[in-house]
Structures are given as C-alpha cells and as structure tokens.
Amino acid sequence: MVVLGGGGVAGIAWATGVLAGLARGGADLSQADGFIGTSAGSVCGAQIACGASVEDLLAAQLEPPADSKEQPRAYSQAEADAQNRKLFDKVGGDLKAARQRIGAFALRSETTAPEARRDIIASRLAQTQWPERWLGIVAVDVDSGEHRMFDRTSGVDLIDAVTASCAVPGTWPVVAIGAHRYMDGGIRSMTNADLAAGAQHVVILAPLGYSKDNPVSGHLLAEIALLERTGALVDVIVPDAPSIEAMGDNVLDPARRVPSARAGLEQGLACAPALAAAWNAAP
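On a predicted model such as this, the values are computed, not experimentally measured, just so you know.

**Re the pattern of salt bridges**
Argument step 1. Applying the stated criterion to the full structure yields 7 salt bridges.
Argument step 2. Across the pair Arg124 and Glu70 runs a salt bridge, and its minimum N-O distance is 2.7 Å. Of the two residues, Arg124 is situated in helix α6 (residues 114–124) and Glu70 in the loop between α3 (54–62) and α4 (77–90); the sequence distance between them amounts to 54 residues.
Argument step 3. One salt bridge connects Lys96 with Glu146, and the closest N-O pair in it is separated by 3.9 Å. One end of the pair, Lys96, is in helix α5 (residues 95–108); the other, Glu146, is in the loop between β3 (134–141) and β4 (147–150), and 50 residues separate them in sequence.
Argument step 4. Classification of Lys96 as partly exposed rests on a relative accessible area of 41%.
Argument step 5. The exposure class assigned to Glu146 is partly exposed, which follows from its relative accessible area of 41%.

Written out as structure tokens, the structure reads:
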C-alpha cells in the first residue's frame, strides 16, 4: 500500500519526482495494489492508480504547459501550523471541535468559483473514471468534522472526490457531494496513514514531513506506530533539506513545481536502493 500525503502543488511535484526516482532505482511504487491519497496525494494517487507513467508525470512537472490552469495563491504553511496550534489550545485539544471550527471558517471564506476549481483539478487527471486498482481519497465533512474516504464503490465522481480532498480551507471552495459539504482531507491528517491498517507493507510519502508543529493535522508519528503495532512494515519518505528549500513555505505556488520535482527526483534516486529490496520482496 502506498500512502501519499498533502502538500499543495509543490507537494505534488515533489512526490512525483520521488516516485520517478524510486522507479528508476528499482522501487516502482506505481505497481502497488492500492493507494491512499490526501489533498496533493489524492492527485498523485489518482494519476498513478489510473495508469499514468511516472516519467510522463515528471516531464509535465519539469516543463509545465504554457496554458496551465493552475492559479497561484498567497499561503504560508508555517502560518497555517501556527494558527492550528492556537486553535488546538482554544478547544482544549478536542480535535473534532477544531475541525468543525475550521469547517465553519471554510464555509464563510470567499474563494474562487467551485466550477473553476473543479476545472483545475480535472486538468491534472488523465481520466475521469475511477481506476480498477484500489484508490482511497480522504476528505473531511465541514459540518461534522468527520472524515470520509471515497473509493470507486462510493458512487462519487472521481474529479469531485479529488476536488474535495484538495479543498484547502480559506483558499479553495468547499465541495458539495450529495447532502454533505467537504474540505481538505489534510484537516484530519496530513497523511491519514492509519487508514492503511491491515496492509503488510506501507510506503508513506509525506511532502509536509511529520508536521509535528501542527497538532490538528500532524499525526504521522502516531500513525506509523499504529501501523507497526498491527504488524505492517512501514517505510517513510519525508523531504530532505534540498527538497524543503525547493518547496518553500508557500506550497500552493505553482512556481515551486519545477524545483520541487527536481529535488524530489534526486531524493527518490537516493532512497531507491534502501527501499527496492523490501518493496520487490513483498508478496
């Protein structure tokens, strides 16, 4: 199982570079039997689960098309983490209450038109149908604060599921699906790796690292511990120093795609030898 975490357009580029580097080094994660994607990871997960070549995806990150629909947004991950620390303290550590407050903020925020945002997400995907290979996409209900993991049995359009998972509160519009409204799956967890419980081998790509400074969404260390308690072999790749510098603080800035993809490729090539043996030995 491959878990792909959130991290904006810079995170998509970095993860794509890592995937390409790993594949070149003999650890082709695109051949996994399943994927769990959150926010940026939902895009990467949908792309590779649908059969897109990691080399083609990398090429698109290294040479973005002139007619790209991507839109720059003012954003600071450090500021978002700081706000979540304040919120966590304000609600006394009640994560459900924190998520509901973030949901209320998302609902009252003025953002781009939902149709325009959906077009951006659609432009990232090679197909609109759910793949045969299992893919889970995580979003959070803005009203209840509970998460939902969409898959091909959910009766939900793939583009809508990915758009919901990528709906950063205050930046992108909430997504109505049926009687519910959803926001970014990273509000529950930047990675949601605990949802892979039961898998024998879990490889986690976390563009925003362990996010230990974000008590609302930074649960990766606890998720790793849970997976290991259930008997899973867990491998984690977080950005190294060059990748952190390449991605920058505004991970929603499309200008960070090229340097992030290059840094991810180098990191993936470096990580491949250690991962390849265990990955290829998996049944």
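Now, onward.
**Examining the UniProt feature "active site" (unreviewed entry) in the chain**
Argument step 1. UniProt tags Ser39 and Asp184 as "active site" (unreviewed entry). Their sequence span is 146 residues, while the largest C-alpha to C-alpha distance among them is just 6.0 Å; these annotated residues converge on one region. Restricting the annotated residues to those that line the largest cavity leaves Ser39.
Argument step 2. Within the secondary structure layout, Ser39 lies in the loop between β2 (34–38) and α2 (40–49).
Argument step 3. Dropping the residues within four chain positions of it, Ser39 is found in contact with Gly6, Ser165, Cys166 and Asp184.
Argument step 4. Relative accessible area serves as the criterion here: at 5%, Asp184 is assigned to the buried category.
Argument step 5. Those residues in contact with Asp184 that lie beyond four places of it in its chain are Ser39, Val140, Ala164, Ser165, Cys166, Ala167, Val168 and Pro169.

**Details of the environment of Gly186**
Argument step 1. Positionally, Gly186 belongs in the loop between β6 (180–184) and β7 (201–205).
Argument step 2. Once the C-alpha coordinates of Gly186 and Ala20 are considered, the two residues, 166 residues apart in sequence, prove to be 24 Å apart.
Argument step 3. Leaving out residues up to four positions away in the same chain, Gly186 has contacts with Thr38 and Ser217.

**Here we look at the layout of surface pockets**
Argument step 1. Its boundaries defined by the atoms lining it, the largest pocket holds a volume of some 510 Å³.
Argument step 2. If you go around the largest pocket, you meet 27 residues; those closest to its centre are Tyr75, Ala80, Val168, Pro169 and Ile187.
Argument step 3. Of all the elements in the fold, those that place two or more residues in the lining of the largest pocket are α4 and α5.
Argument step 4. Take the lining of the largest pocket: its biggest share by element is 6 residues, from α4.
Argument step 5. Here the lining of the largest pocket is composed, by residue class, of 11 nonpolar, 13 polar and 3 charged.

**Considering α3**
Residue pairs spaced three or four apart in an α-helix point in one direction, given the helix's 3.6 residues per turn.
Argument step 1. All of the buried residues in α3 are Val54, Leu57, Leu58 and Gln61. The buried residues of α3 occupy an angular sector of 100 degrees when projected down its axis, which confines them to one face.
Argument step 2. In this structure, the buried residues of α3 make contact with α1 (8–24), α2 and α10 (257–281).
Argument step 3. If you check the start of α3, you find a side-chain oxygen 3.2 Å away from the backbone N of Glu55, and it comes from Ser53.

**Here's the deal with unusual backbone geometry**
Argument step 1. Phi is positive for Asn192, close to 55 degrees, though the residue is something other than glycine.
Argument step 2. Following the sequence through the fold, Asn192 ends up in the loop between β6 and β7.

**A look at empty space enclosed by the protein**
Argument step 1. Counted under the stated rule, the structure contains 1 cavity of 30 Å³ or more.
Argument step 2. Estimated volume of the largest cavity: approximately 140 Å³.
Argument step 3. Listed by contribution, the elements that provide at least two residues to the lining of the largest cavity are α1 and α6.
Argument step 4. In terms of residue class, the lining of the largest cavity is built from 8 nonpolar, 3 polar and 3 charged.

Parameters and conventions
- Residues numbered from 1 in each chain as written.
- Predicted model: local features only at pLDDT ≥ 70, side-chain atom pairs only at ≥ 80, totals over all residues.
- Heavy atoms only, no water.
- Salt bridge = Lys/Arg side-chain N within 4 Å of Asp/Glu carboxyl O.
- Helix = DSSP H or I, 4+ residues; strand = E, 2+ residues; numbered from the N terminus.
- Buried < 20%, exposed > 50% of the residue type's maximum accessible area, 1.4 Å probe, protein only.
- UniProt positions renumbered as here; feature names shortened; annotations may be inferred.
- 1 Å grid on protein atoms, 1.4 Å probe; cavity = no way out; pocket = protein on both sides within 12 Å on 5 of 7 lines; lining within 4 Å.
- Contact = heavy atoms within 4.5 Å.
- Points joined across faces, edges and corners; volume = space filled by probe spheres on them.
- Nonpolar A, V, L, I, M, F, W, Y, C, P; charged D, E, K, R; others polar.
- Arc of directions from axis to C-beta.
- Polar contact = N/O pair within 3.5 Å; in protein donor to acceptor, adjacent residues only side chain to side chain.

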